[in-house]
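# Reading the structure
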Amino acid sequence: ADFLGAAVPTPGTTMAAEEPPTPATLQRQSSHDREQELIKYITDKCAAREEIELEEGWKILQEKGIDVVTATLQETDRMDKKPFGNRGYSSLYTVGFNMCSCANTPDRSEDLYQRVNDAMARFLKEHVVEPLLDPSLVGVAMLEKFSKAWHNHKIMTKWIQQLFQHLDRGYVLNSATESLTSCGMKKFLNVAFGDTCERVRAGALDMINRERAGNEIDRNQLKNCVEVFIVMGLCRGSGSKDLKSVDKMLKMNPELDVYTKDFEEPFLRSTREYYTIEGAAWLESDSVPEYLSRVETALGEEEMRVGWYLNSATHDKLQRTCVETLLSDHQKQLVERPNSGMYALLKLEKGEDLRRMFVLFQLDGVEKGVAPMTQIFQKFVEDQGEALLDARRAEIKRLASEKKKENQSDPTMIMGMLALYKKTNNMVKELFDNHLEFQKSMKVAFQEFMNKDAGKFANVELLTAYCDGILKGHEASEKLSAAAMEDRLESVMNLFVYLADKDMFAELYRDALAKRLLNKKTTSMELEKHMISRLKQLQGPPFTTKIEGMIKDHQMCDDNNAKFEEYLKSTAADGSAASSSNSTSSSTELSETPKVQVLTLGFWPSQQPRPVNLPPVLASAQSHFEAFYQEQHSGKKKIQWQFTLGDAEVQGIFPKGTYRISVTTLQAVALSVLNSQATPLGLDEMSQRIGTDEEVTKRILHSLSCNPKYRVVKKQGAGNPKTINNDDTFIANEKFTSKSKRFTIPMASLDNVGQAIKNKVVEDRSYLIDASVVRTMKARKRMTHHALVSEVANQLQTFNARVGDIKRRIENLIEREYLARREDGDGQWTKEYDYLA
């Protein structure tokens, strides 16, 4: 945007010590007559070797050069006029050069340098400053005038520097004075900029606010005005004396002192004032999503504004100002607004709006960042979890009104928690970039309601029951494929990490696994192993040692039973003893060889041994297996029979049909007692023949005589038909019939398994606390009470140790002389403990 063009040397010039440099691209207004006159003048002077006097030469340079450029600039700011032709420019350059550098002539560089400076000052005063002095000239009109004045001054400075370039290369360099470009720019700073700065800034700020309001503006004009503030900084900087040219000056690293003080700071204040008013209006009229959308648009426009006409150094400051004004100052209101704040957006699953809020609140300038969002997110997740607990409480209340018991196997609440985890976890990953603070909020929320019980059964029990159902191949009434089972188990592990009582989960899971393995209810050993491996990854090898031992025992059972079968065959073939022969013949009454499952006592859940009077056929099998096992292990291992865990298949031959009945070992013994009984037997008699106490006998007979579908035993008595009474009698039900030829008769557990497990967990926790206290004190030798309690609580990862429990175990260890209280000289406890080796 200038009039500079390429210059060519003057043909025939012989006196010049150097040819004029080829200038940058020049745009010229050609005047044939003026050019011919210049060419003739310099040609004649060179041919005659005449000296060019100062006044004579300056008059030519003034009238044919500087005045021509001035006139051209005053006529138009269009680029279609050219002040000089190539030969005209070359002639002017040669005139100036010969005035300063010809041999045997005075060096007029200093005078010429001064007159050039005076000419620039005169141009500024008459053609730049004067149009701007009108105090009524403000706003857009002021910017128009100033932009044109600055544009013309740059062009004039460029031409001055090109016409008198020899001064920069000779006189300026030798005298260490300011370059012509430096002089031109400083004169503008001192003459034009000082008097107009405030009005130019005000006009620029007004124009920017008009653009923000949606009006069209001339951005090039605004860019020119803002450019002045940057260039004026260069004029005050350390390199201000040696500005080579206007083009090079504009490409230099800017000195932003003037720009920052005189434009940027007022601009940022104006921006804050503008968006304070606008933000308040948006808050009043818009919902939170609409407000945030406006803010996002405004920030984008401000970023583009920097590229259009501001210095890039303003970008971060401008964004921070906008963010502080539009977001940080209103953050609490935006997040907590009742009908459109974050809670409402979470409830309505407005992912795009939540994402926008998250991105905006992470910007530099939002004082609290995403912390308020994480608090609302945590409350939302807690409320959703509490709603699931409330729904289960309502269901329990409904069942109680119908005189029904709470169902531990009902997976509804656990399925709801799994769905909640999937939903919220997807939010954290997709909307909140897996931000650590959102992960923490989600963890705290799940820990809050996952460890809060809704009824008789704790959540850890419900989660274990859900796992049990999945590993049996179903979720509620839905049958699952192997892939679906694996997916559900992986989801369960996501909830498991939030449980406080992980040790309780392990014991309950072990009990459920034992029942699946012993009752042949598991659907996939691969999935069983996968589940164990996931628990091992999360909690470490010690957590799954017993469970892995159970799997190993179960896998060895087939080998043991195959060896036992071979043993029976060899014993029958040998006929080594009469007792053995009798036993073998008895064993042949069984349709199949008995299957005995040998379990390691320390791995499997403990059961109370219950004596049973086995029928001869089972007693024979028992004695044979004991002999076999002793032979296998040379008498080094002892067997403890657990008949309550066994099962049997009985062929029931009734007048109306024959059935294959799956029962427990105790039920099979009871059926054997009644098998050949022609007259009813009382409860006491049944108890004696079975060999169990009265309470156990009642449970056995209740399953056989009170089952609504399969009453293979007939109960007689005047009492409640749904319960076993002391005066009831029992006999085989000859009228029994069923559409199913093969069925199972379930029996209630003989032990209060849940309570037994809880008691065992409490006991195991005492041992873990003791071990942690002793281990810590052995390493430290002496510790304060508070430090010891904190250290022990941090070490115990499988459950949340209460402070009261730790204190009781410390007291116990003091009584057992592992620790001692440290006392001062007055016998007062110093709140410290010493370890007793």
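Going by the structure above, here's the rest.
Residues numbered from 1 in each chain as written. Predicted model: local features only at pLDDT ≥ 70, side-chain atom pairs only at ≥ 80, totals over all residues. Heavy atoms only, no water.

### A look at the pattern of salt bridges
Applying the stated criterion to the full structure yields 58 salt bridges. Note that Asp503 and Arg765 form a salt bridge whose closest N and O atoms lie 2.6 Å from each other. Taken together, the residues Asp503 in helix H21 (residues 502–518) and Arg765 in helix H29 (residues 753–780) connect sequence positions 262 residues apart. Each member of the pair Asp503 and Arg765 is classed as buried. Where salt bridges share partners, they join Glu211, Arg212, Arg219, Glu302 and Arg305 into one cluster. (Salt bridge = Lys/Arg side-chain N within 4 Å of Asp/Glu carboxyl O. Helix = DSSP H or I, 4+ residues; strand = E, 2+ residues; numbered from the N terminus. Buried < 20%, exposed > 50% of the residue type's maximum accessible area, 1.4 Å probe, protein only.)

### Here we look at the environment of Met442
Tracing the backbone through its elements, the reader meets Met442 in helix H18 (residues 436–450). For the pair Met442 and Val428, spaced 14 residues apart in sequence, the C-alpha to C-alpha distance is 8.5 Å.

### Thoughts on the packing of helix H7 (residues 180–212) against helix H8 (residues 219–236)
Following both chains from N to C, one finds H7 and H8 inclined at 140°, their axes separated by 9 Å at the closest point. One element, H7, and the other, H8, form an angle in the oblique class. Considering the relative orientation of H7 and H8, their crossing is left-handed. Across the interface between the two elements, Met185, Lys186, Phe188, Leu189, Phe193, Cys197, Val200, Arg201, Ala204, Met207, Ile208 and Glu211 from H7 touch Arg219, Gln221, Leu222, Cys225, Val228, Phe229, Val231, Met232, Cys235 and Arg236 from H8. Broken down by class, the residue content of the contact of H7 with H8 amounts to 16 nonpolar, one polar and five charged. (Axes fitted to C-alpha atoms, helices over the stretch in contact; angles between N-to-C directions. Parallel < 35°, antiparallel > 145°, perpendicular 65-115°, else oblique. Left-handed = near helix turned anticlockwise from the far one by under 90°. Contact = heavy atoms within 4.5 Å. Nonpolar A, V, L, I, M, F, W, Y, C, P; charged D, E, K, R; others polar.)

### Comments concerning the nonpolar core
In this structure, Phe164 and Met342 are the most contacted members of the largest nonpolar core, which totals 170 residues. When neighbours within four sequence positions are excluded, Met342 is seen to be in contact with Leu334, Val335, Leu354, Met357, Met373, Ile376, Phe377, Phe432 and Phe438. With 41 residues, the next largest nonpolar core counts Ile661, Met686, Leu704 and Tyr710 among its residues. (Core = buried A, V, L, I, M, F, W, Y, C linked by side-chain atoms within 4.5 Å.)

### Notes on the sheet that holds strand E5 (residues 681–682)
Pairing is antiparallel across the open sheet formed by three strands, whose spatial order is E5-E7-E6. Both outer strands of the open sheet, E5 and strand E6 (713–716), are each paired with one neighbouring strand and no more. Relative to strand E7 (residues 729–732), E5 runs antiparallel, the two being bridged by two bridges. Directly across from Leu681, in E7, lies its bridge partner Phe730. (Pairing = 2+ DSSP bridges.)

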